[in-house]
Amino acid sequence: MATTLQPPQTGQEVEQELHPHNGNGGGGGLRGLVPESGDLRAVAEPSGSPTRTGIWVALSAIAMSFAALTSALYVREGAATDWHHIVLPSILWFNTLALAASSITLEVARHRIGAFMRGEETRRSVPTLWLNATMLLGLIFVAGQYLAWLKLRSQGLYLPTNPNSSFFYLFTGVHAAHVLGGLGGLTRVMVKFRSSSNPLRRSTLDATSYYWHFMGVLWMYLLFILWLKL
Amino acid sequence: MSEATAHAAHQAPTSFIRKHVFSLDHKVIGLQYYALALVAVFTGMVLSWIMRIHLVWPNSPIPGLQWLSKVGAPGGVVTPEYYLSLMTMHGTLMVFFVLTNAPFAAFGNYFLPIQIGAEDMAFPRFNMMSFWTTFIAFCFLITAFFVPDGPPLSGWTAYAPLSAVGKDSGPGEGLGQTLWALSIFTFCIASLLGSLNFIATTLDLRTKGMTLARMPICTWAWFITSCIALLAFAVLMPACLLLFLDRVAGTSFFIPSGLNVSDHLQPHQGGSPLLWQHLFWFFGHPEVYIAILPAIGIVSHILINSMRKPLLSHKVVIYCMMAIGFLSYMVWGHHMFLSGMNPFSALVFSFPTLMITIPATIMTLIWLGSLYGSNLRINTPSLFCLGFISMFVSGGVSGFFLAQPSIDIYLHATYFVVGHFHMVMGVAAIFGIFAGTYFWFPKMTGRMMSEKLGKLHFILTFIGTYCIFMPFHYLGLAGNVRRYSAFTDDFLVPLIPVHKFITYSALFTGAVQLIFIFNLIYSRFKGEPAPPNPWEATSLEWSTPSSPPPFDNFGGKHPVVYHDPYQYGVKSSTGDYLMQTSPERAGETP
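Residue numbers run consecutively from 1 along every chain, following the written order of its sequence. Written order determines the labels here, with chains lettered from A and ligands numbered from 1. Only residues with pLDDT of 70 or above have their local features reported here, since the model is predicted, and side-chain atom pairs are shown and tallied only from 80 upward, although totals for entire chains, interfaces and linings are computed over all residues.

Colleague: What is the right way to read the overall build of chain B from this model?
Modeller: Counting its regular elements, chain B contains 16 helices and five strands. Radius of gyration here is computed from C-alpha atoms only, and the compact-globule reference equals 2.2 Å multiplied by the residue count raised to the power 0.38. Since a compact globule built from 590 residues should have a radius of gyration of about 25 Å, the 24 Å found for chain B is in line with a globular shape. When the backbone C-alpha atoms are referred to their principal axes, chain B occupies close to 75 × 60 × 50 Å. Per-residue burial over chain B gives 57% buried out of 590 residues. For chain B, long-range pairs separated by at least 24 residues make up 78% of all intrachain contacts whose partners lie at least 6 apart in sequence. Secondary structure elements follow DSSP: runs of H or I no shorter than four residues count as helices, runs of E no shorter than two count as strands, and numbering proceeds from the N terminus. Burial is judged by counting other C-beta atoms within 10 Å of a residue's own C-beta: 20 or more means buried, 12 or fewer means exposed, and anything between counts as partly exposed, with every C-beta placed from the backbone. Contact criterion: two residues are in contact if their C-beta atoms, reconstructed from the backbone, are within 7 Å.

What follows is the structure in structure tokens.
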């Protein structure tokens, strides 16, 4: 709504005096996002939040990168005389469960924080607990991926051994790097949730969780490709 | 919380470092990009001079060159390998650090937020990061000059396996090429951050009344370009990662089996060199439009101002830019007609390539049709706009030939291609940058650039660039292959006078740019003070309270937009135009 208002009638003020509550005027900046009283629960945001737009844009770029990597896999397979199938380490299925569970705990945390912002929930500890659980499951996922690499290594499959092992390390490695980025984002959310001087914005929380869920979906997709092709 | 704390990130900084170095202000970041592009363009130009001089006087030493590379230019005479290194660095600097940075990142950063009435970009910290990441990428690339074996020699396209097998394939293919891959990877990160910022800013930070349809053409161009850049650099980044792994980790993504380079069997197998070409050109062709679309936007914006009337249809120009952006993803194969792919796929790529000429032609006809009968104000920005159209058409016409696989078999990798892309995307985009610089200089500095020097600069540059790049087409038709540092075949010897002419023209045109640099520096300090709206323009950048605009652009107020961006040729209290912020109704056309 904020961004495509009809112009005011002729004769109205040419320029409006800046006011923190004029967020519905597009804002032209980050103003109007935090109310004067500073009460987090009263934060009203214009629907077009740059943070939410930004995360969708970022996710489409990440999706494009992985699409490029997938097409590289298909082209490389087509050109290959050295395609040796590898057995996927079974720990990957456990990791998948951990990552899926982390999406659920994050969703619970998001709802609890929403309730906290609306004043229905008074304890900070409840959402914090769910956020901690998400962090833990995320760390378990990354550690599990590391175990999968160790498993491959113990079979003598290194990054350059054959195209299949190359793509395995590449896909899981790039994805794990993105998951670590997501863990960084979650840490930021937790710090902001506890802070009163730099409070958590709803859009930051939403963007971080979209990113996190996307990592889960992306992992399922990658696992499918790895299972299908390697 | 007080409003002041909420805006902590938006307080004008006071320290020198936060003000001029690690600044969050989009205007400072825009100027930083511009300065980086200036350094890159002069470096790239000097490299092209060295190549041109070596081509026509192969045995005369170039003073000072032996200092740059003892191996590549012993005694100041360029070796064939070093010639390729110079060419690689020229191309990489120009395409990435000039043509992507100047019209898109520099002007876009400075003017996109102002033109939509925002006080800054959506993510000022990302914005600062994207400039400094670009700077790091630039440092990686320049470092390649100073490593023992010198810069890479695989061209700006870094074709594998030449770029992938390491030192065996030539000097510079060791550390130099690795630095190249690192540099471009880093550049991708910076461009992705920048594009993300542009898109979020355009979609979410427009001021009251600034609907999408009311955005100026150049804002549209920057927006469309950022959408293209987002998807293109997202493909180049993993491609660089694969190249890097092939080089340092021993993988075989791009290196085929049994490859013997310099009597040394490569320890790789099964890779596909064509895979690199596909990934690279999937980025590479949209990259051409990343360079030219902002220039198209800037030129249209300035041309309308100089004509004092709207384009025949500015919406159609925007739709054409969208069509070009969309089609740019379907034509990458036309760079690979001779890569041994199936002739049917050549046809498949040829068709959308020829289709791109349709929106390009429509835009050109709109410019020309709007110019017809207009009362054009002849000033330096408008002259460079005319120069742009001329270059765009002259360079674009040769694209018709190259788009056809059968003709491309003959012309591929000849100077014809070099002439084509230098005119249509190189010089044309540079003319767009010049037009933008002369037009917005008063806004960026508060002073006018010298018109006399500007016109002189235009005339000499215009003649000079035609003298350089037109003969390239002739050389290509005569069968002169590009990238050769010497004329090894008898049939090339009669072409040497043409090469000499090109070299003289290149030295002359390069020297002429000193007029521009002088004008830039002189006018910055001693130029005539600029009135608030020197070009009687309508868009929001001319309604800021001062030039350069204050830290938050509109002095603590939000502009309100009442009109579409090109209310020229109307009756109003200000003359023949209505500012976007003017609540007045336009009278009848005089």
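Having seen the structure, we can now continue with the description.
Colleague: What's the story with the overall build of chain A in this structure? I'm lost.
Modeller: A count of helical and extended segments in chain A gives five helices and one strand. Each of the 230 residues in chain A was classed as buried or not, and the buried ones make up 38%.

Colleague: What is the right way to read the environment of His 84 of chain A from this model?
Modeller: All names here are of chain A. Among the secondary structure elements, His 84 is positioned in the loop between helix H1 (50-79) and helix H2 (91-118). Expressed as a C-alpha distance, the spacing of His 84 and Asn 164, which sit 80 residues apart in the sequence, is 6.5 Å. In this structure, His 84 is in contact with Asn 162 and Asn 164, ignoring residues within four places of it in sequence.

Colleague: Whenever I open this one, the environment of Thr 100 of chain B confuses me. Can you help?
Modeller: Relative to the helices and strands, Thr 100 of chain B resides in helix H5 (residues 80-115). For the pair Thr 100 of chain B and Ala 429 of chain B, spaced 329 residues apart in sequence, the C-alpha to C-alpha distance is 9.6 Å.

Colleague: How should I be thinking about the nonpolar core in this particular structure?
Modeller: Inside soluble globular proteins, nonpolar side chains tend to come together where they are buried. All names here are of chain B. Residues of type Ala, Val, Leu, Ile, Met, Phe, Trp, Tyr and Cys that are buried and joined through C-beta atoms within 7 Å form what is called a nonpolar core. Membership of the largest hydrophobic core comes to 229 residues, with the highest contact counts inside it found for Leu 230, Ala 428 and Ala 435. Per-element tally for this core: the top contributor is helix H8 (residues 217-248), with 24 residues. Residues in contact with Ala 435, not counting those within four places in the same chain, are Ile 298, Val 299, Ile 302, Pro 381, Phe 384, Cys 385 and Phe 388.

Colleague: Help me understand the packing of H1 of chain A against helix H7 (residues 175-204) of chain B, please; the structure alone is not making it clear to me.
Modeller: For any two helices packed against each other, the geometry is given by the interaxial angle and the distance between the axes. Throughout, an axis means a line fitted to C-alpha atoms (over the contacting stretch in the case of helices), and angles, computed between N-to-C directions, take values from 0 to 180 degrees. Interhelical geometry of H1 of chain A versus H7 of chain B gives an angle of 140° and a closest axis separation of 9 Å. Overall, the two elements H1 of chain A and H7 of chain B adopt an arrangement that is oblique. Of the two elements, H1 of chain A crosses H7 of chain B, and the hand of that crossing is right-handed. Every residue of H7 of chain B that contacts H1 of chain A at Pro 50, Thr 53, Gly 54, Val 57, Ala 58 and Ala 61 of chain A is listed here: Leu 192, Leu 196, Ile 199, Ala 200, Leu 203 and Asp 204 of chain B. Residues belonging to the contact of H1 of chain A with H7 of chain B are distributed by class as follows: nine nonpolar, two polar and one charged. Each angle is binned into one of four classes, with values under 35 degrees roughly parallel, values over 145 roughly antiparallel, values of 65 to 115 roughly perpendicular, and all other values oblique. Throughout, a crossing is termed right-handed when the near helix is turned clockwise from the far one, and left-handed when it is turned anticlockwise from it by less than a right angle. Following the grouping adopted for this structure description, the nonpolar residues are Ala, Val, Leu, Ile, Met, Phe, Trp, Tyr, Cys and Pro, the charged ones are Asp, Glu, Lys and Arg, and the polar ones are all others, Gly among them.

Colleague: What is the right way to read unusual backbone geometry from this model?
Modeller: One can expect most non-glycine residues to show negative phi and most peptide bonds to be in trans. All names here are of chain B. A cis amide bond, omega 5°, links Ala 160 with the succeeding residue Pro 161. Relative to the assigned elements, Pro 161 resides in the loop between helix H6 (124-143) and H7. With an omega of -10°, the peptide bond between Ser 547 and Pro 548 qualifies as cis. Positionally, Pro 548 belongs in the loop between helix H16 (496-526) and strand S3 (557-558). The residue Ala 413 is not glycine, and still its phi comes out positive at about 60°. The topology assignment puts Ala 413 in the loop between helix H13 (405-411) and helix H14 (415-445). One non-glycine residue with positive phi stands out, namely Glu 536, at about 50°. Summarising the element assignment, Glu 536 is placed in the loop between H16 and S3.

Colleague: Honestly, the pairing of strand S4 (residues 568-572) of chain B in this entry has me stumped. Any pointers?
Modeller: All names here are of chain B. Think of it this way: DSSP has to see at least two bridges between two strands before they count as a pair. Relative to strand S5 (residues 575-577), S4 runs antiparallel, the two sharing two bridges. By the bridge assignment for S5, Ser 572 is matched with Gly 575. Hairpin connection from S4 to S5: two residues lie between these consecutive antiparallel strands.

Colleague: I would appreciate a short explanation of the confidence of the model for chain B in the present structure.
Modeller: Do not read the predicted coordinates in detail wherever pLDDT is low. As a per-residue measure, pLDDT reflects the predictor's confidence and takes values from 0 up to 100. Per-residue confidence for chain B averages 93 on the pLDDT scale, and 98% of its residues sit at or above 70. Note on residues 1-9 of chain B: pLDDT under 50 across the span, and nine contacts to partners over four residues away in sequence or across chains.

Colleague: Would you mind going over the environment of Thr 361 of chain B with me for this structure?
Modeller: Residues and elements named next belong to chain B. Relative to the helices and strands, Thr 361 resides in helix H11 (residues 343-371). Judged by the 13 C-beta atoms lying within 10 Å of it, Thr 361 falls in the partly exposed class. The sequence separation of Thr 361 and Val 397 amounts to 36 residues, and the corresponding C-alpha distance is 9.9 Å.

Colleague: Got a minute to help me understand helix H5 (residues 202-229) of chain A in this structure?
Modeller: An α-helix turns once per 3.6 residues; consequently, residues spaced three or four apart project the same way. The end-to-end C-alpha separation of H5 of chain A is 40 Å, in line with the 40 Å expected for 28 residues at 1.5 Å each. Each element contacted by the buried residues of H5 of chain A is listed here: H1, H2 and helix H4 (163-194) of chain A. One less than the number of residues in a helix, times 1.5 Å, gives the span that helix is expected to have.

Colleague: What's the story with the confidence of the model for chain A in this structure? I'm lost.
Modeller: Residues and elements named next belong to chain A. Summing up the model confidence of chain A, the mean pLDDT is 82 and the portion of residues at 70 or higher is 79%. Element-level pLDDT for chain A is lowest in strand S1 (residues 16-17), with a mean of 34, against a maximum mean of 96 in helix H3 (residues 125-154). Scored below 50 in pLDDT, residues 1-47 shows 99 contacts in the model against residues more than four places distant or in partner chains.

Colleague: What's the story with the packing of helix H3 (residues 26-56) of chain B against H16 of chain B in this structure? I'm lost.
Modeller: All names here are of chain B. Look at H3 against H16: their axes get within 9 Å of each other, and the N-to-C directions meet at 155°. For the element pair H3 / H16, the angle class is roughly antiparallel. The element H3 and its partner H16 pack so that their crossing is left-handed. Mapping the contact onto sequence places Met 45, Ser 48, Trp 49, Arg 52, Ile 53, Leu 55 and Val 56 in H3 and Ile 496, His 499, Lys 500, Ile 502, Thr 503, Ala 506, Leu 507 and Gly 510 in H16.

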